[in-house]
Amino acid sequence: MAERGSLEEMRSRVVLGEFGVRHVHTTDFPGSYPGYTDAWDPVTFRQGFHVDVTHMDEGLLEFDLVGIDAAIANAFRRILLAEVPTMAVEKVFVYNNTSIVQDEILAHRLGLIPIQADPRLFEYRSQGDEEGTEIDTLQFQLKIKCSRNPRAAKESSDPNELYINHKVYSRHMTWVPLGNQADLFPDACFRPVHDDILIAQLRPGQEIDVLMHCVKGIGKDHAKFSPVATASYRLLPDITLVQPIEGEAAEKLKKCFSPGVIEIQDIKGKKVARVANARLDTFSREIFRHEELKNMVRLARVRNHYI
Amino acid sequence: MIMKNPEVEFCGYCITHPSESKINFRIQTRGGIPAVEPFRKGLTDLMDVCHHMLSTFEASVKEYKAQKETEMD
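Everything numeric here is computed off the predicted structure, so don't read it as measured data.

Visitor: A description of the overall build of chain B should follow, citing residues and the corresponding values.
Guide: When helices and strands are counted, chain B shows 1 helix and 2 strands. Listing every helix and strand of chain B by position from the N terminus yields β-β-α. The principal-axis extents of the C-alpha atoms in chain B amount to approximately 60 × 35 × 15 Å. Going through the 73 residues of chain B one by one, you find that 22% of them count as buried. Long-range contacts, defined as pairs at least 24 residues apart, comprise 27% of the intrachain contacts of chain B with a sequence gap of at least 6. Accessible surface for chain B amounts to roughly 5500 Å². Of this, 58% is attributable to carbon and sulfur atoms. Considering chain B, the positive charge centre built from 9 side chains and the negative charge centre built from 11 side chains are found 7 Å apart.

Visitor: Before we move on, can you summarise the sheet that holds strand E11 (residues 173-176) of chain A with the specific residues and values?
Guide: All names here are of chain A. Strand order in the open sheet formed by 4 strands is E5-E14-E7-E11, with antiparallel pairing between adjacent strands. Whereas interior strands pair on both sides, the edge strands pair on one side only; in this sheet they are strand E5 (86-97) and E11. Along the sheet, successive strands turn relative to each other by an average axial angle of 30°, direction set aside. Bridge count between strand E7 (residues 138-145) and E11: 4 bridges; the pairing is antiparallel.

Visitor: Mind laying out the interface of chain B and chain A, listing which residues take part and the relevant values?
Guide: Interface size is commonly expressed as the accessible surface area that is lost when the partners come together. Between chain B and chain A, the contact holds 18 residues from the first and 22 residues from the second. Counting each side, the surface lost to burial between chain B and chain A is near 1900 Å², with a carbon and sulfur contribution of 76%. The three residues of chain B that bury the most area against chain A are Lys4(B), Met53(B) and Tyr64(B), which together make up 36% of that side's buried surface. Linking chain B to chain A there are 0 salt bridges. For the pair chain B and chain A, the interface holds 3 residue pairs in polar contact (both at pLDDT 80 or more). Classifying every residue of the side of chain B that touches chain A gives 10 nonpolar, 4 polar and 4 charged.

Visitor: I'd like a description of the side chain of Thr86(A), backed by residues and values.
Guide: Residues and elements named next belong to chain A. Take Thr86: it is sitting in strand E5. Here the side chain of Thr86 touches Phe225 through a polar contact of 2.5 Å, landing on its backbone oxygen. Setting aside anything within four residues of it in sequence, one finds Thr86 in contact with Pro119, Val215, Lys216, Gly217, Lys224, Phe225, Ser226 and Pro227.

Visitor: Would you mind going over a nonpolar patch on the surface in detail, with residue names and values included?
Guide: Taken together, the side chains of Tyr13(B), Ile15(B), Ile23(B) and Phe25(B) present a nonpolar region at the surface, about 450 Å² in accessible area. Positionally, Ile23(B) belongs in strand E2 (residues 23-29).

Visitor: Quick one: what's the story with the confidence of the model for chain B, residue by residue and with numbers?
Guide: Mean pLDDT over chain B stands at 82; residues scoring 70 or higher make up 99%. Across the predicted assembly, pTM comes out at 0.74 and ipTM at 0.78.

Visitor: Tell me about the pattern of salt bridges, and please be specific about residues and values.
Guide: Residue and element names in this part refer to chain A. Scanning all chains against the criterion turns up 6 salt bridges over all chains. Put simply, Lys224 and Glu90 hold a salt bridge, and the shortest N to O gap is 3.6 Å. Note that Lys224 is positioned in the loop between strand E14 (207-217) and strand E15 (235-241) and Glu90 in strand E5, a separation of 134 residues in sequence. Classification of Lys224 as buried rests on a relative accessible area of 17%. On the accessibility criterion, Glu90 (40% relative accessible area) is partly exposed. With a closest N to O distance of 3.2 Å, Arg120 and Asp118 form a salt bridge. Under the relative-accessibility criterion, Asp118 is labelled partly exposed at 31%.

Visitor: If you had to explain the nonpolar core to someone new, which residues and values would you point to?
Guide: Residues and elements named next belong to chain A. Grouped together as the largest cluster of nonpolar side chains are 27 residues, with contacts concentrated most on Leu110, Leu142, Met173 and Ile208. Going through the elements one at a time, E5, helix H4 (103-111), E7, strand E13 (198-201) and E14 are the ones with two or more residues in this core. If you look at the next biggest cluster of nonpolar residues, it comprises 15 residues, including Phe257, Val261, Ala278 and Phe288.

Visitor: Give me the lowdown on the pairing of strand E18 (residues 297-306) of chain A, citing residues and values where you can.
Guide: Residues and elements named next belong to chain A. Of all 10 residues making up E18, 8 are buried, and the element is well covered by its neighbours. Pairing geometry for strand E1 (residues 13-16) and E18, over 4 bridges, is antiparallel. Within the sheet, the bridge partner assigned to Val15 lies in E18 and is Ala300. Relative to E18, strand E4 (residues 61-66) is paired through 2 bridges, and the arrangement is antiparallel. Paired with Leu65 across the two strands is Tyr306, which belongs to E18. As paired elements, E15 and E18 share 7 bridges and run antiparallel to each other. Note that in E18 the partner of Asp238 across the bridge is Ala300.

Procedures and definitions
- Residues numbered from 1 in each chain as written.
- Chains lettered and ligands numbered in written order.
- Predicted model: local features only at pLDDT ≥ 70, side-chain atom pairs only at ≥ 80, totals over all residues.
- Heavy atoms only, no water.
- Helix = DSSP H or I, 4+ residues; strand = E, 2+ residues; numbered from the N terminus.
- Buried < 20%, exposed > 50% of the residue type's maximum accessible area, 1.4 Å probe, protein only.
- Contact = heavy atoms within 4.5 Å.
- Areas by Shrake-Rupley, 256 points an atom, 1.4 Å probe, with all protein chains shown as cover.
- Lys, Arg positive; Asp, Glu negative; His and termini not counted.
- Charge placed at Lys NZ, Arg CZ, Asp CG, Glu CD.
- Pairing = 2+ DSSP bridges.
- Axes fitted to C-alpha atoms, helices over the stretch in contact; angles between N-to-C directions.
- Buried area = accessible area lost by both parts, 1.4 Å probe.
- Salt bridge = Lys/Arg side-chain N within 4 Å of Asp/Glu carboxyl O.
- Polar contact = N/O pair within 3.5 Å; in protein donor to acceptor, adjacent residues only side chain to side chain.
- Nonpolar A, V, L, I, M, F, W, Y, C, P; charged D, E, K, R; others polar.
- Patch = residues over 30% accessible without salt bridge, like charges linked within 9 Å, V, L, I, M, F, W, Y side chains within 5 Å.
- pLDDT = per-residue confidence, 0-100.
- Core = buried A, V, L, I, M, F, W, Y, C linked by side-chain atoms within 4.5 Å.

The structure is reproduced here in structure tokens:
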């Protein structure tokens, strides 16, 4: 039974030892273990696999993928970063730029601004097409001029008071419909995702007048086309207490882990530690610094549960 | 996916150069079937997995949204 137990552990958990991580590689291939058939079976996969969305809002999506292999989870992560298309500014036609920000720097900064536009509504631009048609291009205009504020106080040195329009934000970018885009998208408002991205700073007399063409692209081509700020995953932590821990040691144990992971319960007057929510733990391995607690806890991760 | 096929004895890949979109695959079977078979099967199985994952994910997102709405009310 002990062998069976440890074999199960080897197959399903990645164990974090003091000096290294054991059982890292997936070993559930046919022929690896006698008594186990690991051949691909879609039915078992469908039974074992499920997705739970933990949190979803404008800027963050957190979900659990249970029952798949590391390679597939990683493949999805990489695809999210590099191959999901978005719209971003590609060509900048500079009509007038008398600010101290150089043309190419300004163009680079404009390219990195995220644009709120559904890339499924647009096509990719065909090779060699310089002008761009209405099915593959979004046009934005940025026209802003800085001037001195006539109503400012004589001795003030605050630029917010002295100058009008001295900071160029992404909200100053306006959408210019091309061709029949005004009819196709009457309600859509194409704009930068965030209004308060600082593009450049101006002083009186300086002016920026540019026209921008946005095209559809993927992250592999240029990082500005990556739709996510970042995409990451981690394995579900699994903390087991090999022996019951009580009293002072329990308090110490609680401090070794992230808050909320270990809970102290009062059983018959003695404080007993219990693993409350292993999911919150970030595995700093603080426990290995304490000699007496080191052997009482087993830190592991569930191999096929990705958060 | 290909490794999960019991007919496959050896399977490996390497990417010759990261700038080129080329992968070198080596698949060796136990002698029963031609080597292209597990490759093809692996690709179709992978497609099925992805379809299933997509539908499960979408169902899960819908469920989450519905749950959020009931919480709001």
